Amino acid sequence: MEATVFTWIVAIAGLVLIGLLGALQFVAVIRPRAEWTIANVYGGSPEATDPTAYFAFNQGSAWADSFFWAPLQIAGSIGMLLGHRWGFLLALVASVPFWYTAIFFYIWDRDLGFRENTFTYWVIIWGMWPLFGVAEGVYTFARLLE
């Protein structure tokens, strides 16, 4: 398969997004209860809800993102750039958590009062993830049908 300009855009965007997420989540794996992790990775406060549930939910995401999703997206992006069909397939699979987890966080943030009615929240903190996931999924699926 040919790596087109759109392939490069999708693959690099995937690497940038998952690189950011993977790095932050890896910090959460290493320092799960640090003040910096709570403020910059998890958001909110464990005191706003049940601290056990707060840390369990966020730690589950940290481990899954660091050791499952990030490697999957990285492999998919590299495979796409190399023009391999398996790369497009892995990127298609890796696109699902981008929008799937956004649904959980939409409800989580709403019910725990973390959601902010700001441009930064709706576009940067929440919105870019499902938007990219849907775009990557549609693009890779279409390319696999060729």
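Residues numbered from 1 in each chain as written. Predicted model: local features only at pLDDT ≥ 70, side-chain atom pairs only at ≥ 80, totals over all residues. Heavy atoms only, no water.

> What is the right way to read the overall build of the chain from this model?
When its secondary structure is counted, the chain shows 5 helices and 0 strands. Its helices and strands taken in sequence order, the chain reads α-α-α-α-α from the N to the C terminus. Viewed in the frame of its principal axes, the chain has a C-alpha envelope of about 50 × 30 × 20 Å. Residue burial in the chain is summarised as follows: out of 146 residues, 39% are buried. Across the chain, every contact between residues at least 6 apart in sequence was considered, and the portion connecting residues at least 24 apart equals 68%. Total accessible area on the chain stands at roughly 8100 Å², and carbon and sulfur atoms take up 73% of it. (Helix = DSSP H or I, 4+ residues; strand = E, 2+ residues; numbered from the N terminus. Buried < 20%, exposed > 50% of the residue type's maximum accessible area, 1.4 Å probe, protein only. Contact = heavy atoms within 4.5 Å. Areas by Shrake-Rupley, 256 points an atom, 1.4 Å probe, with all protein chains shown as cover.)

> Honestly, the nonpolar core in this entry has me stumped. Any pointers?
The tendency in soluble globular proteins is for nonpolar side chains to be buried as a group. In terms of nonpolar packing, the biggest core is built from 18 residues, with I18, W69, M80 and F98 touching the most fellow members. The set of elements that each furnish at least two residues to this core consists of α1 (5-30), α3 (51-81), α4 (85-112) and α5 (119-145). Sequence-distant contacts of M80, defined by excluding residues within four places in its chain, comprise A3, T7, V10, A11, G87, F88, A91, Y139 and T140. V29, Y42, F55 and F114 belong to the second largest nonpolar core, which has 9 residues in total. (Core = buried A, V, L, I, M, F, W, Y, C linked by side-chain atoms within 4.5 Å.)

> What am I meant to see in the confidence of the model for the chain here?
Low-confidence regions, as indicated by low pLDDT, have predicted coordinates that should not be scrutinised in detail. Within the chain, residue pLDDT values average 94, and 100% of them lie at 70 or more. No element of the chain has a lower mean pLDDT than α4, which averages 91, and none a higher one than α1, which averages 98. (pLDDT = per-residue confidence, 0-100.)

> What should I look at first to understand α1 in this one?
Spacing of three or four residues puts side chains on the same side of an α-helix, whose turn is 3.6 residues. Taking 1.5 Å per residue, 26 residues should reach 38 Å; α1 reaches 37 Å between its end C-alpha atoms and fits that length. Along α1, the residues that are buried comprise T7, V10, A11, G14, L17, I18, L21, G22, Q25, A28 and V29. Against α2 (35-42), α3, α4 and α5 lie the buried residues of α1. Regarding α1, its N-cap is T4, as a side-chain oxygen of that residue lies 3.3 Å from the backbone nitrogen of F6 further along. (Expected span 1.5 Å × (residues − 1). Polar contact = N/O pair within 3.5 Å; in protein donor to acceptor, adjacent residues only side chain to side chain.)

> Quick question: what am I supposed to make of the side chain of E136 here?
The topology assignment puts E136 in helix α5. Of the buried charged residues, E136 lacks a salt bridge, with R143 as the closest side chain of opposite charge at 12 Å. When near neighbours in sequence (up to four residues on either side) are disregarded, E136 contacts V10, Q73, A91, A94, S95 and F98. (Lys, Arg positive; Asp, Glu negative; His and termini not counted. Salt bridge = Lys/Arg side-chain N within 4 Å of Asp/Glu carboxyl O.)

> Quick question: what am I supposed to make of the environment of F6 here?
By the secondary structure assignment, F6 is in helix α1. Separated by 133 residues in sequence, F6 and Y139 place their C-alpha atoms 8.5 Å apart.

> Teacher, can you tell me more about a nonpolar patch on the surface here?
On the surface, V96, W99, Y100, I103, F104, Y106, I107, V134 and V138 cluster together into a nonpolar patch covering about 790 Å² of accessible area. Secondary-structure elements contributing two or more residues to the nonpolar patch are α4 and α5. The dominant element in the nonpolar patch, judged by the number of residues it contributes, is α4, at 7 residues. Exposure remark for V138: the relative accessible area of 54% places this residue in the exposed category. (Patch = residues over 30% accessible without salt bridge, like charges linked within 9 Å, V, L, I, M, F, W, Y side chains within 5 Å.)

> Please explain the side chain of S61 as it appears in this structure.
In this structure, S61 sits in helix α3. The residues touching S61, leaving out its near neighbours within four places in the chain, are Q25 and F105.

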